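Listed below, chain by chain, are the residues.
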Amino acid sequence: MFNDNHKIAGVAYPQGFKAAGVRAGIKKNGNLDVAVIYTEKEAAVAGVFTKNLVAAAPVLVSKKIVATGSAHAVVANAGCANACTGEQGLRDAEKMAQIAAQELNCKADDVIVASTGVIGPNLPMDKMEAGIKNAVQKLSREGSVNAGNAIITTDTYSKACATEVEIGGVEVRFGAIAKGSGMIRPDMATMLCFITTDADIDQKLLQTALSDATEVSFNCMSVDGDMSTNDTVVVLANGAAGNKKIVTKDDDYEKFFATLKNICIELAKRIAADGEGATKFLTINVMGAQTFADAKRVGMSVANSPLVKTAFFGQDPNPGRTICAVGYSGVQVAPEKISIQFGGLTVYKAGLVTKFDEEAMRKILAAHDIVVDIDLGLGDAQATIYTCDLSFQYVKINADYTT
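Bear in mind the structure is a predicted one, so any value in this text is a computation, not a measurement. (Residues numbered from 1 in each chain as written. Predicted model: local features only at pLDDT ≥ 70, side-chain atom pairs only at ≥ 80, totals over all residues. Heavy atoms only, no water.)

**Some points on the overall build of the protein chain**
Step number 1: Summing up its helical and strand segments, the protein chain has 11 helices and 15 strands in all.
Step number 2: Overall size of the protein chain, expressed as C-alpha extent along the three principal axes, is 70 × 55 × 35 Å.
Step number 3: Burial status across the protein chain gives 56% buried among its 403 residues.
Step number 4: In the protein chain, the proportion of contacts linking residues at least 24 apart, taken out of those at least 6 apart, comes to 81%.
Step number 5: Accessible surface, the protein chain as shown: approximately 16,100 Å² in total, 49% of it carbon and sulfur.
Step number 6: Computing the positive centroid from 39 side-chain charges and the negative centroid from 45, the protein chain places the two 3 Å apart. (Helix = DSSP H or I, 4+ residues; strand = E, 2+ residues; numbered from the N terminus. Buried < 20%, exposed > 50% of the residue type's maximum accessible area, 1.4 Å probe, protein only. Contact = heavy atoms within 4.5 Å. Areas by Shrake-Rupley, 256 points an atom, 1.4 Å probe, with all protein chains shown as cover. Lys, Arg positive; Asp, Glu negative; His and termini not counted. Charge placed at Lys NZ, Arg CZ, Asp CG, Glu CD.)

**Here's the deal with helix α9 (residues 319-327)**
Step number 1: Every buried residue of α9 is accounted for by Pro319, Thr322, Ile323, Ala325 and Val326. Projected down its long axis, α9 shows its buried positions confined to an angular sector of 155°, all on one face.
Step number 2: Buried residues along α9 sit in contact with α7 (292-303), α8 (306-313), β11 (339-342), β12 (345-349), β13 (352-353) and β14 (369-375). (Arc of directions from axis to C-beta.)

**Here's the deal with the pattern of salt bridges**
Step number 1: Within this structure, the stated rule accounts for seven salt bridges.
Step number 2: Residue Glu129 pairs with Lys133 through a salt bridge whose shortest N-O separation is 3.1 Å. Separated by four residues within a single helix, Glu129 and Lys133 lie in helix α3 (residues 125-137), roughly one turn from each other.
Step number 3: Taking the relative accessible area as the measure of exposure, Glu129 reaches 29% and is therefore partly exposed. (Salt bridge = Lys/Arg side-chain N within 4 Å of Asp/Glu carboxyl O.)

**Some points on the pairing of strand β1 (residues 17-22)**
Step number 1: Where burial is concerned, most of β1 is hidden: five out of the six residues are buried.
Step number 2: Bridge analysis of β1 against strand β2 (residues 34-49) gives six bridges, and the strand direction is antiparallel. Its bridge partner lying in β2, Val22 is registered against Val34. (Pairing = 2+ DSSP bridges.)

**Considerations on the confidence of the model for the protein chain**
Step number 1: Put simply, the protein chain has an average pLDDT of 91, and 92% of its residues get 70 or more.
Step number 2: Contacts from residues 183-189, a stretch scored under 50 in pLDDT, to residues over four places away or in other chains number 44 contacts. (pLDDT = per-residue confidence, 0-100.)

**What to know about the pairing of β12**
For a regular strand, side-chain orientation follows a simple rule: the groups alternate between the two sheet faces.
Step number 1: Here four bridges tie β11 to β12, and the two strands are oriented antiparallel to one another. Residue pairing for β12: Ser339 is matched across the bridge by Lys349.
Step number 2: Both β12 and β13 contribute to a ladder of two bridges, which runs antiparallel. Counterpart to Lys349 in the pairing with β13 is Leu352.
Step number 3: Between β12 and β13, which pair antiparallel in sequence order, lie two residues; one of them, Ala350, sits at a positive phi of approximately 55°.

Rendered as structure tokens:
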């Protein structure tokens, strides 16, 4: 479904979009660190942001821009989060938009801004200005790879994908780049995600689609249970495909939403699998709940448990940790109705940890991808959570993060 290997896969895949990523000297390692995404044709814009009350300056600025309903560009940097930087931080975030707007010949309130990196330091605006100007000069249909690499921090690779769907007899394209590896928990993560599409869609419906897609994707993943100050997911829809504008929740909307949701889920999986120091990718399916909210809460309780995560890292067959996390989730469960499977092997049923084939269990726990199925036996609602293990390397990465 996803055109990962397409030479312009990512945000430059839809018609009318260009991207670039450059080195501005903001990252200590000298890697790419400033990205620009641009559409000359005005785009409807939607966004979702961190729920952390200590929100970074670019989040506060970009929320106002999303509220206008349209945008032409995204400017993002890695290496400095511009968070907890007070009035100076707000001025710097606004300046990022102003510099880009001047270079792109658009208005400052047409430019989304985003930052990721260390919390506390001020943005080096001399480097930022030079980087933005350089990136604008390098905008191209082939620029998505560099743009994706310019927003990563501790990620081992940039997450990008692109796809297309027929809507009203017209091919509509979608593209995306995302970053995220640590400080990952529900209500998003230390993640940035920029999605582009050439679909023509009403802005309010676009916001509804993004919010609903986020709830079952980025809000259903966890690496370490921490919530960032900078989480930003933005989608731009410039209408260049020429489809009949989507203005109601009809079949065209459902096709659009399904495609957007699949992109968000795919990126959420990749972010969880690329968690800092991760050696395992865990998919936790919670079934038999009374509501989606209950299923999600149980799944996140398991996903965020350090004891569960370290058990999977050590390949320790210890299902007691999982059922324990189910029990303290805050959801009213009935232990005698719950069943749990690791990789299809039953490890808990009817209130008891079961006897299982130890050789089969060793093979399951040795794999990189492990599926945990939890049936609460109470209803028909379900949720899927994406997470990873917790390794020695995670501790090392975060112990040395600023040094």
